[in-house]
Structure formats: C-alpha cells, structure tokens
Amino acid sequence: MKRLHVHVAVDDLAASIKFYSTMFASEPTVTKTDYAKWMLDDPRVNFAISARGATPGLNHLGVQVENADELAEMSGRLQKLEADVIEEMGTACCYAKSDKYWATDPTGIAWETYHTLDSIPVFGAAEEGEVRAGGCCVPEPAVAKVSGCIPVKGQASGCC
C-alpha cells in the first residue's frame, strides 16, 4: 500500500511540532533536533518537517511504497513522463536509507517515489560522519514556491 509523503521546511521546529501534533491529534513518530515525522494512518501520509535552513514552505512531495516491486511499478510510471527522472539507489536522505526516483512536475515541485530500506542516525549521512553534500534531499532543479489558495489572516480571499 502506498503512502503520500509531504515534507515542509519550517523556521521554528518546536512551534511547528506543536501545531502539527495538535492538527493530527498525534505526536511525531520520529523527533530529532532538526526534524520530525508523523506516519499517519488517517489520512495515510508520511508528513515530515525540518529546520535545516531551507526556505520555509513546501519542500517536496512524494509517494512512499512498501517494497521493491511497488517501487519498480512507480519507476515505470515515471519513465512515461516527459521529464527527467533521477535514480538514487541506497541513498542517505533525512534519517533514512532509501531507493528512490525523483521527478519534477511542470510547476517545479519535486516528487520522490521511494522505498525506505533502513533508518540512519545522522541526517543525510551515507556513512557515519559523512554528510551528503548540500544536505538533504531534493535534487536540482530547486523546488519552486507554490502559490495558491492559502488564506492570509486579515485579507479577503477570492479562492476556490
């Protein structure tokens, strides 16, 4: 069974953990000094936040699969896109070792499709003490800011 993955960059990790824990009625399943993740079943989503200096907002989206067969199926789908697909096998990203494929949608939002193989103790470290260049995890092109129907307090919205 597949699970939607959402990763948001935040300025204030503690305040964001409080906000999302209240919103989801659940504490994070993983908490680090710069990262938190909720593995939710209702809705079925892997929701992660990190405070690592990235521009706050949507970092990337993804589809987490349960096994190598599902990953191969998703790879086949991505190969049909008219987009560059980046393959990363056994890569260290966030606090996990994963096999994954990246594609960027027409608006510039990065999507990863991945199968988590194991957890790792250091954010983005392939080997102990080794940190992935540029940190984690979205390959170029950089994720574009997404505009849309986000209400702003005190402003009227002509949205949806």
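This part takes up the overall build of the protein. Across its full length, the protein holds two helices and eight strands. Of the regular secondary structure in the protein, the N- to C-terminal order runs β-α-β-β-β-β-α-β-β-β. Within the protein, buried positions represent 39% of all 160 residues. Put simply, of all contacts in the protein between residues at least 6 apart along the chain, 57% involve residues at least 24 apart.

A separate point is the nonpolar core. Counting 14 residues, the largest nonpolar core has Val 6, Val 8, Ile 17, Trp 38, Phe 47 and Ile 49 as the members making the most contacts within it. Listing elements by their share of this core, those giving two or more residues are β1 (3–9), α1 (13–24), β3 (35–41) and β4 (44–50). Apart from the residues within four sequence positions on either side, Phe 47 is in contact with Val 6, Val 8, Tyr 20, Phe 24, Ala 36, Lys 37 and Trp 38.

For the bond running from Asp 42 to Pro 43, omega is 0°, close enough to zero to count as cis. Along the chain, the position of Pro 43 falls in the loop between β3 and β4. The residue Ala 25 is not glycine, and still its phi comes out positive at about 55°. Relative to the helices and strands, Ala 25 resides in the loop between α1 and β2 (30–31). You can call Ala 25 exposed: its relative accessible area is 72%.

Below, the discussion takes up the pairing of β1. Counting buried residues in β1 gives six out of seven residues, a clear majority hidden from the surface. The pairing of β1 with strand β5 (residues 57–65) spans seven bridges and is antiparallel. Following the sheet pairing, Ala 9 is matched in β5 by Gly 57. As judged from the six bridges shared by β1 and β4, these two strands associate in the parallel manner. Residue pairing for β4: Ala 9 is matched across the bridge by Ser 50.

What follows is about the pairing of β4. One face of the sheet, then the other: side chains in a regular strand alternate in exactly this way. Burial analysis of β4 places six of its seven residues in the buried class, the great majority of the element. Where β3 lies against β4, seven bridges are found, and the strand directions are antiparallel. Considered in β4, the bridge of Trp 38 is made with Phe 47. Hairpin geometry of β3 and β4 is characterised by an intervening segment of two residues between the two adjacent antiparallel strands.

Under the defined criterion, the tally for this structure stands at seven salt bridges. Note that Asp 41 is salt-bridged to Arg 44, the shortest N-O span being 3.5 Å. With its nearest N and O atoms 2.9 Å apart, the salt bridge here joins Arg 44 to Glu 66. With a gap of 22 residues between them, Arg 44 in strand β4 and Glu 66 in the loop between β5 and α2 (68–79) connect regions that are remote in the sequence. Among the ionic contacts, a cluster of salt bridges with common partners joins Arg 3, Asp 41, Arg 44 and Glu 66.

An order of β2-β3-β4-β1-β5-β8-β7-β6 is seen for the eight strands of this open sheet, with the pairing classed as mixed. Sheet topology places β2 and β6 (85–93) at the edges, where each strand pairs with a single neighbour. In the packing of α1 onto the sheet, contacts are made with β2, β3 and β4, and the angle to β3 comes to roughly 10°.

Cut-offs and rules
Residues numbered from 1 in each chain as written. Predicted model: local features only at pLDDT ≥ 70, side-chain atom pairs only at ≥ 80, totals over all residues. Heavy atoms only, no water. Helix = DSSP H or I, 4+ residues; strand = E, 2+ residues; numbered from the N terminus. Buried < 20%, exposed > 50% of the residue type's maximum accessible area, 1.4 Å probe, protein only. Contact = heavy atoms within 4.5 Å. Core = buried A, V, L, I, M, F, W, Y, C linked by side-chain atoms within 4.5 Å. Pairing = 2+ DSSP bridges. Salt bridge = Lys/Arg side-chain N within 4 Å of Asp/Glu carboxyl O. Axes fitted to C-alpha atoms, helices over the stretch in contact; angles between N-to-C directions.

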